[in-house]
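# Residue-level structural notes
Listed below, chain by chain, are the residues.
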Amino acid sequence: MSTVKDGTDHMPVTVITTCYGRNRHLYNLLSSLMNGSVQPDEVIIVNDDADPKRLAEFSLNIIRIPTTIEASSNKSDTTKFDIGHNRNIGAAFATHDTLIFLDVDCIVVPTFIEQLSAKLQKYPDSLLMGQPRYLTRPLSDKEGLELQSGTLTTCFLNELSVYNPYRYNFNEADYISISIKQTVIEQTDDYGAFWSLCFAIKRQQFEQIGGFDTQYIGYGAEDTDFSFTARKLDIDFYLTADIVYHQQHSVYRPPLNHLDSIIINANRFYEKWQHWPMEGWLKQFSNMGLIRWTAVHSTPIVVLRKPSAHEIKQAHCPNVPYV
């Protein structure tokens, strides 16, 4: 760890995020990284359309990489926003061996980078994932400025957030970090619990996995595929109690707006693993008569019809914290 002229401790860590059209979320993420107990040595933003003048407000080493740079992929630019592809680009350009991937709608607690990177040094051959909490509403402009100035407290964010009851969650006492206590880490064999919202891995293990499979498109299953490959390679998987706050935005229940990519990705996943991902959503699609599928299906899913505009509108949930 090194200390730069402004007195801030920097860790030899590369944070990678992907962003397009989510700049309000991006600035909040950067604010939380800037005001951490330590700062990552570099923050790589892939597919970024943010205002350079706005980015200059953050005392971080920010590297912007457009997706027009075809790193380790022959996909065309017509792919639009391909999160796995973009993460692979970020990893290819990273300076450091410690990689922390964060979705653009994350806000990290002040100790997140310090704690998670320390755990990865202890378990360097492993895959580590943080603990999400979900904000129940977007931050206001005033709260965003407080976050940037370092005056928005974790107590406030804890009160404004909830756990997702459908995911594994630590007890609240487990994520309290003080100088004499480390946040909790727990190994698990449930690789299906992995979510790429917030995870850490060494470059060697990322490359051993092969990065994210870019045959997945758009939305769904690419992160479960990543963790299943880690399991196949005997890479240990740990859950940690290091908190990120997921910034609230509207969702669709079920995600009818992503039907096409979910079906393509589910078929791709079954072809590789003989296991259906996203079974809850597939069951809902089947019950609506959108697809031909059952949990014992062993042939590709067939789309019977597209959802109507009314069905998509009915599925839209503007004020819920998670899908």
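Fair warning: this is a prediction, and the values are worked out from it, not measured in the lab.

## Quick word on the packing of helix α9 (residues 259–273) against helix α10 (residues 279–287)
Packed helix pairs are characterised by how far apart their axes lie and by the angle those axes make with each other. Across the interface, α9 lies against α10 with an axial gap of 11 Å and an inter-helix angle of 120 degrees. Considered as vectors, α9 and α10 are oriented oblique to each other. When the axes of α9 and α10 are compared, the crossing they make is left-handed. For the pair formed by α9 and α10, the contact residues are Leu259, Ile262, Ile263 and Ala266 on the first element and Trp281, Leu282 and Phe285 on the second. For the contact of α9 with α10, a count of residues per class yields 7 nonpolar, no polar and no charged.

## Quick notes on empty space enclosed by the protein
Overall, the coordinates contain 2 cavities of 30 Å³ or more when judged by the stated rule. In this structure, the largest cavity spans a volume of roughly 40 Å³. What lines the largest cavity is Ile16, Thr17, Thr18, Arg87, Phe101, Leu102, Asp103 and Ser196. Listed by contribution, the elements that provide at least two residues to the lining of the largest cavity are β2 (9–18) and β5 (98–102). At 3 residues, β2 tops the list of elements feeding residues into the lining of the largest cavity. Reported here for the second largest cavity is a volume of approximately 30 Å³. Surrounding the second largest cavity, Arg24, His25, Asn28, Pro138, Leu139, Gln247 and Gln248 form its lining. Its residues assigned to classes, the lining of the second largest cavity shows 2 nonpolar, 4 polar and 1 charged.

What counts and how
Residues numbered from 1 in each chain as written. Predicted model: local features only at pLDDT ≥ 70, side-chain atom pairs only at ≥ 80, totals over all residues. Heavy atoms only, no water. Axes fitted to C-alpha atoms, helices over the stretch in contact; angles between N-to-C directions. Helix = DSSP H or I, 4+ residues; strand = E, 2+ residues; numbered from the N terminus. Parallel < 35°, antiparallel > 145°, perpendicular 65-115°, else oblique. Left-handed = near helix turned anticlockwise from the far one by under 90°. Contact = heavy atoms within 4.5 Å. Nonpolar A, V, L, I, M, F, W, Y, C, P; charged D, E, K, R; others polar. 1 Å grid on protein atoms, 1.4 Å probe; cavity = no way out; pocket = protein on both sides within 12 Å on 5 of 7 lines; lining within 4 Å. Points joined across faces, edges and corners; volume = space filled by probe spheres on them.

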